[in-house]
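Here is how the chains run, residue by residue.
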Amino acid sequence: MRFQFIRKASFWRQTMMAGATTLAFAASAPASAEVTVGVILSLTGPAASLGQPAENTVKLWPKEIGGEPARVIIMNDGSDPTEAGRLASKLISEEKVDVLVGSSITPPSIAIMEVAGRNKTPLVSLGGGNAIIEPQEGSRTWAFKIPAPEALSVQRVIKDMKERDIKRVGVIAVTTGYGEGFLKAFQDQAKEAGIEIPVTARIGAQDISATTQALQVMAAKPDAVYIFSFGTPGATPQLELVKRGYKGTIYQTHGVANADYLRIGGKAVEGTRLAVAPVLVAEQLPEDHPTKKAGMEYVTQYESEYGDGSRSLFGSTAWTAYSMLNAAIPVAMESAKPGTPEFRQALRDALENMEEVVSPEGVFNMSPENHNGLDERGQVMVSIENGKWTLEQ
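The present account deals with the structure reproduced in this document. Here the residue numbers are simple positions, counted from 1 along each chain's written sequence. In keeping with the model being predicted, local features are shown solely for residues with a pLDDT of at least 70 and side-chain atom pairs are shown and tallied solely at 80 or more, while totals for entire chains, interfaces and linings include all residues. To obtain the side-chain values, all non-hydrogen atoms of the structure were used and water was disregarded.

## Let's talk about the packing of aromatic side chains
Short version of the rule: For Phe, Tyr and Trp, where Trp contributes only its six-membered ring, two rings pair if their centres lie within 6.5 Å, and the inter-plane angle classes them as stacked under 30 degrees, edge-to-face over 60, or tilted in between. To qualify as a helix, a DSSP run of H or I must reach at least 4 residues; to qualify as a strand, a run of E must reach at least 2; elements of each kind are numbered from the N terminus. Buried residues are those whose accessible area, probed at 1.4 Å on protein chains only, stays under 20% of the maximum for their type, while exposed residues exceed 50% and partly exposed ones sit between those limits. Two limits define a charge over a ring: the Lys NZ or Arg CZ must be within 6 Å of the ring centre, and within 35 degrees of the ring normal.
A full pass over the atoms with the stated rule returns 13 aromatic pairs. Their ring planes at 45 degrees and their centres at 5.2 Å tell us that tryptophan 319 and tyrosine 322 sit as a pair that is tilted. Taken together, the residues span about one helical turn, with tryptophan 319 and tyrosine 322 both in helix α10 (residues 313–333) at a distance of three residues. By relative accessible area, which is 12% here, tryptophan 319 ends up buried. Given the relative accessible area of 10%, tyrosine 322 is considered buried. Between arginine 348 and the ring centre of tryptophan 142, over which it is positioned, the NZ or CZ distance is 5.9 Å.

## Here we look at the packing of helix α2 (residues 81–93) against helix α3 (residues 106–118)
Rule in force here: Axis definition: a line fitted to C-alpha atoms, over the contacting stretch in the case of helices. Angles run 0 to 180 degrees between N-to-C directions. Crossings are classed by handedness, with left-handed meaning an anticlockwise turn of the near helix from the far one by less than a right angle and right-handed meaning a clockwise turn. Two residues form a contact once any of their heavy atoms are found within 4.5 Å. Gly counts as polar in this scheme, as do all residues outside two lists: the nonpolar Ala, Val, Leu, Ile, Met, Phe, Trp, Tyr, Cys and Pro, and the charged Asp, Glu, Lys and Arg.
Two elements in contact, α2 and α3, have axes separated by 8 Å at closest approach and are oriented at 35 degrees. The handedness of the crossing between α2 and α3 is right-handed. Residues Pro81, Ala84, Gly85, Ala88, Ser89 and Ile92 of α2 touch α3, and the partners they reach there are Pro107, Pro108, Ala111, Ile112, Val115 and Ala116. Counted by class, the contact of α2 with α3 contains 10 nonpolar, two polar and no charged residues.

Right, dumping it as structure tokens:
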């Protein structure tokens, strides 16, 4: 069953404040047994194409999480770290949340992580950068991250590059923690793989033109270009490269894996290659792939509600957040009741020790040293063919 969205004061609140939209919905169960989840997403701004499918997915969460009735509050950070931190403080101090989920990208997630850690509240982040959880000290000990770590994603791409005999790769990286994290991971692995990086260009997340970056990269004549960006801004440098006649292979990260990127990119993104979570091509996975069942269940539910081809990794991460909480909450309930510091501590500990939690994104095994927990089962190689995601065998 799903949460019922009823436009009555006791069930639905919609408040506009400093660019943040708050939606609250609750199961009709006693408050004393209720788990409160604060969800902060980037529903406007540069990361809106990531936050919106996540919001759609949260609205599909069952009304109970881990067998307990849940109150879920959704807020919009506008893709802004300052606003994300403010909303995290509000959710903790005023709504007394037991756990935070979000944000959609790395910078707001880091801001939330800092607030969550100071207030000893667990965070399940949908952002991609490992800076959200590493190093595992201080506030980061309260944070967990769903998307594959940069090193795992880059590892799969480098394998593809070597198979295609690509030796020189130009880079265009967005100037955020996400871009820098991927750049460092690629630099660390490329040398050992015998791949040269002749040029590295930076681009801002808000930039509407990539002419300078495209010219800089093309002047180096690389065999391929690897773009480290997210959402619709990730299409900007690729459109410019293709417009100027670049014929080499273009790689992207999982940060662009949504329908908006395909729509904006059109023919210019044909042939693009990227390592992604298996849910993006759930139907094409081998029958024995460990995530196929979970992926197909999510895709069927999401696309029946929002239309064929509407899936994205960013909706799937929100479903994985539910899967994690669904596994961890019953464990935490053995030690304490929701709404208490003891429950928040127990929930953090349960998340940290979860084993073989299967979701559309992969199979998660957390530990005190690893607050992501994905392995190679969480990454597949896909290309874009005829405007569709295609699994590379």
